[in-house]
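Each chain is listed here by its residues.
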Amino acid sequence: MTLSQQIIWGSFYLGICFLIEIMLLTWCVLVIRKLVANWETRSTILATAGPISVALMFIVLTHTVQVWIWAIVWVWGDVLPDWNSALYFSLVTFTTLGYGDIVLGEGLRIFGAFASVTGLLSFGLSTAFLVALMTRVFEERFLN
């Protein structure tokens, strides 16, 4: 892959991952809004822990989907030989752990770095979402 192709395709898959994350986090907010009314009548602990737990489940789902997207790219592009290697490489790269036991060839290094950038930005967005949610939940429960 040429440098420009790596940048274009890397940006494309990064964009797909962010679109999915935004959609799932938006769906998360809608689910939490529906559940909160029911939780408020039951207990303060459930009304506090419930939204945070649901958000964490959505965040784990979001990150898992993104790791799978990158694994699909590695397998369908004949970059890695099997699903085990592709998932492992995708997860290690997405989390920026980068063991280095599986590496991409010179023609895919920039493209592979986009998986790391996706993970960095995804963790940042998820963290910001969770902090905003927790701030709102704790303000409503304990400061009003």
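Residues numbered from 1 in each chain as written. Predicted model: local features only at pLDDT ≥ 70, side-chain atom pairs only at ≥ 80, totals over all residues. Heavy atoms only, no water.

Peer 1: When you look at the pattern of salt bridges in this model, what are you seeing that I'm missing?
Peer 2: Taken as a whole and judged by the stated rule, the model has 1 salt bridge. Here R136 and E140 are joined by a salt bridge, their closest N and O atoms 3.1 Å apart. In this pair, R136 and E140 are both assigned in helix α4 (residues 109-143), 4 residues apart and thus about one turn of the helix distant. Exposure remark for R136: the relative accessible area of 56% places this residue in the exposed category. You can call E140 partly exposed: its relative accessible area is 38%. (Salt bridge = Lys/Arg side-chain N within 4 Å of Asp/Glu carboxyl O. Helix = DSSP H or I, 4+ residues; strand = E, 2+ residues; numbered from the N terminus. Buried < 20%, exposed > 50% of the residue type's maximum accessible area, 1.4 Å probe, protein only.)

Peer 1: I'm lost on a nonpolar patch on the surface in this one. Help?
Peer 2: Where nonpolar side chains cluster on the molecular surface, the patch consists of M1, I8, W9 and F12 and spans about 430 Å² of accessible area. Within the secondary structure, I8 is located in helix α1 (residues 3-40). When its relative accessible area of 57% is taken as the criterion, I8 is described as exposed. (Patch = residues over 30% accessible without salt bridge, like charges linked within 9 Å, V, L, I, M, F, W, Y side chains within 5 Å. Areas by Shrake-Rupley, 256 points an atom, 1.4 Å probe, with all protein chains shown as cover.)

Peer 1: So what exactly am I meant to see when it comes to the layout of surface pockets here?
Peer 2: One simple way to see leftover space: roll a probe sized like a water molecule over the atoms. The space that makes up the largest pocket amounts to roughly 300 Å³. Sorting the residues of the lining of the largest pocket by element identifies α1, α2 (44-76) and α4 as the ones contributing at least two each. No other element matches the 6 residues that α4 contributes to the lining of the largest pocket. Among the residues making up the lining of the largest pocket, the classes are represented as 8 nonpolar, no polar and 4 charged. Its volume calculated, the second largest pocket comes out at about 200 Å³. F89, T93, I102, V103 and L104 are the residues nearest the centre of the second largest pocket, which is lined by 16 residues in total. Mapped onto the lining of the second largest pocket, the elements with two or more residues apiece are α3 (83-94) and α4. Residues belonging to the lining of the second largest pocket are distributed by class as follows: 9 nonpolar, 5 polar and 2 charged. (1 Å grid on protein atoms, 1.4 Å probe; cavity = no way out; pocket = protein on both sides within 12 Å on 5 of 7 lines; lining within 4 Å. Points joined across faces, edges and corners; volume = space filled by probe spheres on them. Nonpolar A, V, L, I, M, F, W, Y, C, P; charged D, E, K, R; others polar.)

Peer 1: Any chance you could explain the nonpolar core here in plain terms?
Peer 2: Y13, W70, W74, A86 and F111 are the most contacted members of the largest nonpolar core, which totals 18 residues. For this core, the element with the most residues is α2, which contributes 6 residues. Non-local contacts of F111, meaning those with residues more than four positions away in its chain, are made with M1, Q6, W9, G10, Y13, W70, V73 and W74. Membership of the second largest hydrophobic core comes to 15 residues, among which are V54, F58, F129 and L130. (Core = buried A, V, L, I, M, F, W, Y, C linked by side-chain atoms within 4.5 Å. Contact = heavy atoms within 4.5 Å.)

Peer 1: I would appreciate a short explanation of the packing of α2 against α3 in the present structure.
Peer 2: The relative placement of two packed helices is expressed as an angle between their axes plus a distance between the axes. Where α2 meets α3, the closest approach of the two axes is 8 Å, and the angle between their N-to-C directions is 130 degrees. Comparing the axis directions of α2 and α3 gives the class oblique. Judged by the twist between their axes, the crossing of α2 over α3 is right-handed. Packed against α2, whose contacting residues are H63, Q66, V67, W68, W70, A71, I72, W74, V75 and W76, the element α3 presents W83, A86, L87, F89, S90, L91 and F94 at the interface. Classifying every residue of the contact of α2 with α3 by side-chain character gives 14 nonpolar, 3 polar and no charged. (Axes fitted to C-alpha atoms, helices over the stretch in contact; angles between N-to-C directions. Parallel < 35°, antiparallel > 145°, perpendicular 65-115°, else oblique. Left-handed = near helix turned anticlockwise from the far one by under 90°.)

Peer 1: Sorry if this is basic, but what is going on with α3 here?
Peer 2: Quick reminder: α-helices carry 3.6 residues per turn. Residues three or four places apart thus point the same way. The first and last C-alpha atoms of α3 sit 16 Å apart over 12 residues, in line with the 16 Å expected at 1.5 Å per residue. Taken together, the buried positions of α3 are occupied by S85, A86, F89, S90, V92, T93 and F94. Tucked into the core, α3 has its buried residues touching α2 and α4. T96 sits one or two residues past α3 and shows a positive phi near 60 degrees. (Expected span 1.5 Å × (residues − 1).)

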